[in-house]
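Residue-level listing of the chains:
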Amino acid sequence: MTRDAAWSLLKQYNKEPFHLQHGRVVGDVMRWYAVDLGLGDEADYWEIVGLLHDIDFEQYPEEHCVKGVDILREHGVEESIIRSAMSHGYGMTGTQFQPEQLMEKVLYTVDELTGLIGAAALMRPSKSVSDMEVKSVKKKFKDKAFAAGCSRETIANGASMLGWDLDELFAKTIEAMRSSEAVD
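Scope of this entry: the structure provided in the associated data block. Not measured: the values here are computed from a predicted model.

1. What about the packing of aromatic side chains?
- According to the stated counting rule, one finds 3 aromatic pairs in the structure shown.
- Taken together, a centroid distance of 5.7 Å and an interplanar angle of 15° make the contact between Y33 and W164 stacked. Of this pair, Y33 sits in helix α2 (residues 17-36) while W164 is found in the loop between α8 (152-162) and α9 (166-178), placing the two residues 131 residues apart along the sequence.
- Within the aromatic cluster, the residues linked to one another by ring pairs are W32, Y33 and W164.
- The residue whose ring lies beneath K172 is W164, and the NZ or CZ to ring-centre distance is 5.4 Å.

What follows is the structure, encoded as structure tokens:
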């Protein structure tokens, strides 16, 4: 599957600008992480998984990460992409896939974290991640009422799965989001 094919498929099932932007941001962040982790030859694959991870969320929120399996299979998407994309909902949705590969652990973690960072950026005078600092994200992370839909538990569990402390995770994800054309 190509990036363009993944983007077209995402747009077939998602119409809301927010959901499309989120798919692009997560795809871009996943690409950045692949390169940062020395897996640049897998960057296209990581981006495609990021683009497709919420394919079912807009139309089937109650069956998120379950209905996505059927949708992606119906379109002939590789099983490895399906498994990886749907693993991001582990413990939050009815998905059967636990994050096991490095890429799946990154997706599991940054899906929630990009939402938190994006919401924090909107509170800044610049409305941008370009001047975001780790301490700002930490403050918002501790405030459970802020962006309450972003699971702090998932972010912390993901950081633990990756063996990263939260400061490192926040710094890397801010940098990754700065590289995304879909941000700002």
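Having seen it, we continue.
2. With respect to the nonpolar core
- Among the nonpolar cores identified, the biggest contains 56 residues, and Y33 and M86 are the most heavily contacted of them.
- Looking at this core element by element, the count peaks at 9 residues for helix α6 (residues 102-122).
- Sequence-distant contacts of Y33, that is, excluding residues within four places in its chain, are made with W46, V106, V110, W164, L169, K172, T173 and A176.

3. Examining the pattern of salt bridges
- This model, assessed by the stated rule, comprises 10 salt bridges.
- In this structure, D44 engages R31 in a salt bridge whose closest nitrogen and oxygen atoms are separated by 2.2 Å. Here D44 is found in helix α3 (residues 43-52), whereas its partner R31 is found in helix α2, with 13 residues between them in sequence.
- In this structure, the salt-bridge partner of K138 is D167, at a minimum N-O distance of 3.2 Å. Pair noted here: K138 is in helix α7 (residues 134-142) and D167 is in helix α9, with a separation of 29 residues, a long-range link.
- Residue D167 is classed as partly exposed on the basis of its relative accessible area, which comes to 35%.
- Taken together, the shared-partner salt bridges in this structure form one network comprising R3, R31, D44 and E47.

Conventions used here
- Residues numbered from 1 in each chain as written.
- Predicted model: local features only at pLDDT ≥ 70, side-chain atom pairs only at ≥ 80, totals over all residues.
- Heavy atoms only, no water.
- Phe/Tyr/Trp six-rings, centres within 6.5 Å; stacked < 30°, edge-to-face > 60°.
- Helix = DSSP H or I, 4+ residues; strand = E, 2+ residues; numbered from the N terminus.
- Lys NZ or Arg CZ within 6 Å of the ring centre and 35° of its normal.
- Core = buried A, V, L, I, M, F, W, Y, C linked by side-chain atoms within 4.5 Å.
- Buried < 20%, exposed > 50% of the residue type's maximum accessible area, 1.4 Å probe, protein only.
- Contact = heavy atoms within 4.5 Å.
- Salt bridge = Lys/Arg side-chain N within 4 Å of Asp/Glu carboxyl O.

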